[in-house]
Structures are given as structure tokens and as C-alpha cells.
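Residue-level listing of the chains:
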Amino acid sequence: MTDLLPVDDYLVESLPEVWFAVVVFALGMYVVLDGFDFGIGMLYATREEEDRETLLAAFGPVWDANEVWLVAFGTMLLAAFPRVYSRLLADNYLLVIGFVLALLFRGVAPELREQREDEDWQRTFDRLFVAGSTLAPLLFGILAGRWVFDVPALSAPALLTGVGLVAVSVATGAAFLAAKTEPALAAELRDYGVLATLAYLGGVVALLATVVVTDPGGAAGTVLSAPGAAVVGLSVLAGLAGVVLARRGQYRRWLASALALPALLSVLLGLLLYPQVYPPTGLTVRAAVVSPLALNLVTVMGLPVLLLVLWYFKFLYGVFSGPVSGSYGG
């Protein structure tokens, strides 16, 4: 019995930090994958009826699957850092409710739209779809800004984070559609993606300048550190490379560079948080994590499931990797 792992020891000493990275990874996957869904929903407002069916068909097979990462993020946060989960929801309940309602409007609008051949009816649900696709990333970004910077919802850091998430969602949505649709439509959508990318990079500059000047939650030091500066520099390079690739019509490469933007944003979020996992309370990763026995059990049972989910997404995107054809069938 003396060879058994004591209940107050982690499987590996760095297990709390590993789970912090896993939570940030799940959040990043959601921002990347459902982000381009939001972008497609916003671009939907710019198209006529025939093109709208094409847009819905482009992401219809992966839309619901992408939202799995929101569930994964919440589940992992609850399992590893339950105090952070409870405080995050309690302190931001209005934002969370608004976000969930926006997801609801976005989800049901395309389905209800097809129930009646009435122009006013369809126009109403088209507007709800666009509104939900716009408000969801805006509110989620504001929530993330409050979490990271410990600022009010209507403060500059929180609002700039929300607007930045909206802009990068349009950029990734346009890049995804350009890679999936026929050349004429792709060329039209490219212009929206380029503008959104430039707006995102400008927003990042404005946000970082605000952070450096006001130092909310002590974040200025991280932004000015070597890792923070490296992530920001890579974001700028990825954004500018995406603009060039889009102009050249290299849409698959543009998609890769566009998806790098929200991925790098998630990395920056992790850098800004660590070693604290919830700045409003000063909780650090080690202080907020569950007991060693519980975390060990979560690791043994949860990480294999995460690997299975990753394999499933690889399979899913492999199956639906070709150009879109046909229309959205609900």
C-alpha cells in the first residue's frame, strides 16, 4: 500500500497548470471554430436570397459541432476550477444571459424562417439570425474583457475586447466562405474579410495602448513582456499576411492565417491571466484548483474524452472539407 499515490499528491506536479492550459485551449477552440460561424451569420446580412442559402450550407454540417467547445470549456472549468466557474457566472450573470439568448436567436432563426413562405416572416427571422450572430461574440468578448482585466462591462478594455471579437469573427467567417464557395462570391466576401482584419488589428492596437496606459488588473506588465509582445507581433504578421493572401486569391492559406488570429488571442488571454485564474478575487491557479484526488480523477477520465473529441473534429472537417454545393436544408 505504501507504493500507492498519496491522495494529496498530483499525478504530476504541474497538473494544475496543465488543466489551466486545457481550459484556455477549450476556450480558444470555441473562439476559433464558433467564431467563423458568427462571422458567417453577420455576413449573411450582406447577401441576397440565393447567396444566403449558400452561406448557410457552407457551415451547416459543422455549426452544431463547433458549439461543443463551449460546453467543453464550461465543463472543464467547472471540473478543475469550480470556484472560478461559480464566480464568473455570478459576477457576469447579465452578460451570460444575454449571450445565451443571442445563441438561442441565432440557432432557431434559420429553422423558423423556413416554416412560412411569407416575406415579412422571413425578414424578421433573418434579422434575428444576424442580430444573434453579432451580439453573441460582442457579449462574449465583453465578458472575457471583464474576466481578464477586472474592469466594468462598459469600460474601454472590455468593450474593445468585445468589438475585437466581432471583427475577428467576420474576418474568419469571410475567409472560411472564400475557401468554400465559388470564385465570384469568394471575391465579394474577400473585401469584407480584409476590412474586418484591418479593423481587428486596429482594435488590438487601441486595446493594448489602453492597457499599457491604464494598467487594468496589472496587465500592462504582461503586454510589455517578451511572451506578450511575441503574441502581439505574431498576430500582426498573421493579419497582414492574411490580407496579402486574400488579395492574391489564395483563400485556403488566407483561412489558415485568419484562424491564427483568434487562436493567438486566446494565447494572449492565457498569458494575461496566469498565474491568476480569476483576477477579481486574486485567485491563483494553485489556490482555485480542486483537490489533488479530484483533479487526478478528472485527468484520468477527462483527458481521453478530450482526445476523442479532437479526433472527431479532425474526421468531421475532413469529411466536409470540399467546396459547398446545394442549399441549406435546415
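Source: prediction; values computed, not measured. (Residues numbered from 1 in each chain as written. Predicted model: local features only at pLDDT ≥ 70, side-chain atom pairs only at ≥ 80, totals over all residues. Heavy atoms only, no water.)

Engineer: So what exactly am I meant to see when it comes to the overall build of the chain here?
Structural biologist: Looking only at helices and strands, one finds 13 helices and 2 strands in the chain. Over its C-alpha atoms the chain spans a radius of gyration of 21 Å, differing by no more than 12% from the 20 Å that the globule rule assigns to 330 residues. Here the C-alpha coordinates of the chain stretch approximately 70 × 45 × 35 Å along the principal axes. Expressed as a percentage of the 330 residues in the chain, the buried residues total 49%. Partitioning the contacts of the chain with sequence separation of at least 6, the portion at a separation of at least 24 is 79%. When the accessible surface of the chain is summed, it comes to about 15100 Å², and 69% of that surface belongs to carbon and sulfur atoms. Side chains of the chain carry 18 positive and 27 negative charges; the gap between the two charge centres is 6 Å. (Helix = DSSP H or I, 4+ residues; strand = E, 2+ residues; numbered from the N terminus. Rg over C-alpha atoms; globule rule 2.2 N^0.38 Å. Buried < 20%, exposed > 50% of the residue type's maximum accessible area, 1.4 Å probe, protein only. Contact = heavy atoms within 4.5 Å. Areas by Shrake-Rupley, 256 points an atom, 1.4 Å probe, with all protein chains shown as cover. Lys, Arg positive; Asp, Glu negative; His and termini not counted. Charge placed at Lys NZ, Arg CZ, Asp CG, Glu CD.)

Engineer: Would you mind showing me how to read the packing of helix H2 (residues 49-66) against helix H13 (residues 292-319) here?
Structural biologist: Helix-helix packing: each pair is described by the crossing angle between the helix axes and the interaxial distance. Direction vectors running N to C along H2 and H13 enclose 165°, while the axes themselves pass 10 Å from each other. Here H2 lies roughly antiparallel to H13, going by the angle between them. Judged by the twist between their axes, the crossing of H2 over H13 is left-handed. Facing H2, whose interface residues are Pro-61, Val-62, Ala-65 and Asn-66, H13 presents Tyr-312, Phe-313, Leu-316 and Tyr-317. (Axes fitted to C-alpha atoms, helices over the stretch in contact; angles between N-to-C directions. Parallel < 35°, antiparallel > 145°, perpendicular 65-115°, else oblique. Left-handed = near helix turned anticlockwise from the far one by under 90°.)

Engineer: What am I meant to see in the confidence of the model for the chain here?
Structural biologist: On average, the chain scores 89 in pLDDT, and the residues at 70 or more come to 95%. Contacts of residues 1-5 to residues separated by more than four positions or lying in other chains number 3 contacts, the stretch itself having pLDDT below 50. (pLDDT = per-residue confidence, 0-100.)

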